[in-house]
Amino acid sequence: MKRVQYHRYGGPELMKLDDFQLRALGKDEVAVKVGFAAINPIDWKVRNGYLKMVTGKKFPRAMGSDFSGTVISVGAGVTRFRPGDAVFGMAHIKDGGALGEAIIAPEAFLAKKPDSVSFEDAACLSTPGVTAWNGLFDKAGLKDAKSVFINGCTGAVGEAAVQLARSLGATVSGSCSAQAMERAREIGVQKTFDYRTTDLATLDDRFDVVYDTAGTMNVATGLRLLGKGGVFLDIDPTPGKFIRALFNRKLKPIICTARADILGGLASVAAEGKLRLPIAEIIPLTEAITMLTKLESGLKLGGKVVVRMH
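The structure contained in this document is the topic of the report that follows.

About the thresholds
Residues numbered from 1 in each chain as written. Predicted model: local features only at pLDDT ≥ 70, side-chain atom pairs only at ≥ 80, totals over all residues. Heavy atoms only, no water. Helix = DSSP H or I, 4+ residues; strand = E, 2+ residues; numbered from the N terminus. Buried < 20%, exposed > 50% of the residue type's maximum accessible area, 1.4 Å probe, protein only. Contact = heavy atoms within 4.5 Å. Areas by Shrake-Rupley, 256 points an atom, 1.4 Å probe, with all protein chains shown as cover. Lys, Arg positive; Asp, Glu negative; His and termini not counted. Charge placed at Lys NZ, Arg CZ, Asp CG, Glu CD. 1 Å grid on protein atoms, 1.4 Å probe; cavity = no way out; pocket = protein on both sides within 12 Å on 5 of 7 lines; lining within 4 Å. Points joined across faces, edges and corners; volume = space filled by probe spheres on them. Nonpolar A, V, L, I, M, F, W, Y, C, P; charged D, E, K, R; others polar. Salt bridge = Lys/Arg side-chain N within 4 Å of Asp/Glu carboxyl O. Pairing = 2+ DSSP bridges. Axes fitted to C-alpha atoms, helices over the stretch in contact; angles between N-to-C directions. Parallel < 35°, antiparallel > 145°, perpendicular 65-115°, else oblique.

**A look at the overall build of the protein**
A tally of regular secondary structure across the protein gives ten helices and 16 strands. Each principal axis of the C-alpha distribution contributes one length, and for the protein these read about 55 × 40 × 40 Å. Scored against the burial criterion, the 310 residues of the protein give a buried share of 53%. Relative to all contacts within the protein whose residues are 6 or more apart in sequence, the contacts with residues 24 or more apart total 67%. For the protein, the exposed area adds up to about 14100 Å²; of that, 53% sits on carbon and sulfur atoms. Within the protein, the 32 negative side-chain charges are centred at a point lying 5 Å from the centre of the 41 positive side-chain charges.

Following this line, the structure appears as structure tokens:
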């Protein structure tokens, strides 16, 4: 089988489409024949060594986190899946491997794909959806209709956050580019602001939740936009912000952390037609390295790039 992998941390020139064999399954792991994989910025951040304190020094390392496909086999302790099940989910960050023809993932990082959701769409859900869920529900405790502001509301995490908040009846405002405002309104953003021409610190509105899904809002601005009891969710978690968050309960740095209940929740919302991320291009595995390199160097396509394995 083939997958995109690399033999040391560094730039895009290190990626190769190599032959590989699946290792033996652990008791709580599932082997999946990958149908489609979605590209995320975390893919090249891991390869660049940005998270090597977590990902370690074992090589070769495989690229890719989010995928959909069909279960091949399951470990002895797996209870929720069996061979033949259609699933979607994400790789463990220590392993990667979504950009390959087969992958091994923890049972807790998978959900059954709803019949009403295509494999292509399901492949896009995990990292953006889990990150949005971690913020809105785990950290902000969003349960009912509240006012939410999403900075970067038409990025992948931003769109997932908008749609999840709207599914609970929240009133959503957000910032994006002028070109993306129509898309923002389509998914339910009621007030939109052009981030290039608006100083968000000057807004008079106050919100129960402000989620910086773009990683561009300074903490002071985020906190200023909060109403009483509000929470500022920050997708760019630095050590300094974690320390600051110890002293200011309104600041919540977010790290994407998958769980079975979150992936199941995303499946339910997607099955209801309330969560779908736009796909800009579907490409074959043979073109994945070229596309990864372009995206890493700043190519913007207005939607997810999905890699077809077969």
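**So, the layout of surface pockets**
The volume enclosed by the second largest pocket comes to roughly 410 Å³. What lines the second largest pocket is a set of 18 residues, and nearest its centre among them are R3, R23, K58, P60 and D95. Of all the elements in the fold, those that place two or more residues in the lining of the second largest pocket are β4 (61–62) and β7 (102–106). Here the lining of the second largest pocket gets three residues from one element, more than from any other, and that element is β7. Partitioning the lining of the second largest pocket into residue classes produces eight nonpolar, four polar and six charged.

**A look at the pattern of salt bridges**
Following the criterion strictly, the structure yields 16 salt bridges and no others. Residue E186 is joined to R183 by a salt bridge in which the shortest nitrogen-to-oxygen separation is 3.5 Å. In this pair, E186 and R183 are both assigned in helix α6 (residues 181–186), three residues apart and thus about one turn of the helix distant. Residue class for E186 comes out exposed when judged on its relative accessible area of 55%.

**Concerning the sheet that holds strand β13 (residues 226–234)**
Reading across from one edge, β11-β10-β9-β12-β13-β14 is the order of the six strands in this open sheet, with parallel pairing throughout. Edge positions in the open sheet fall to β11 (189–194) and β14 (251–253), since each of these has one partner strand only. Within the sheet, the average angular offset between the axes of one strand and its neighbour, ignoring direction, is 20 degrees. Looking at chain direction, strand β12 (residues 207–212) and β13 are connected through five bridges and run parallel. The residue of β13 that forms the bridge with F207 is L226. Contacts between helix α4 (residues 126–139) and the sheet are confined to β9 (147–151), β12, β13 and β14, with β12 contributing the most and set at about 155 degrees to the helix. Helix α8 (residues 239–247) rests against β13 and β14 of the sheet, and its axis sits at about 145 degrees to β14.

**Points about the packing of α4 against helix α9 (residues 260–271)**
Relative to each other, α4 and α9 sit at 105 degrees, their axes nearing to 10 Å. Taken as axis vectors, α4 and α9 run roughly perpendicular relative to one another. Only I262, L263, G265 and L266 of α9 make contact with α4, whose side of the interface consists of S126, G129, V130, W133, N134 and D138. For the contact of α4 with α9, the per-class residue count stands at five nonpolar, four polar and one charged.

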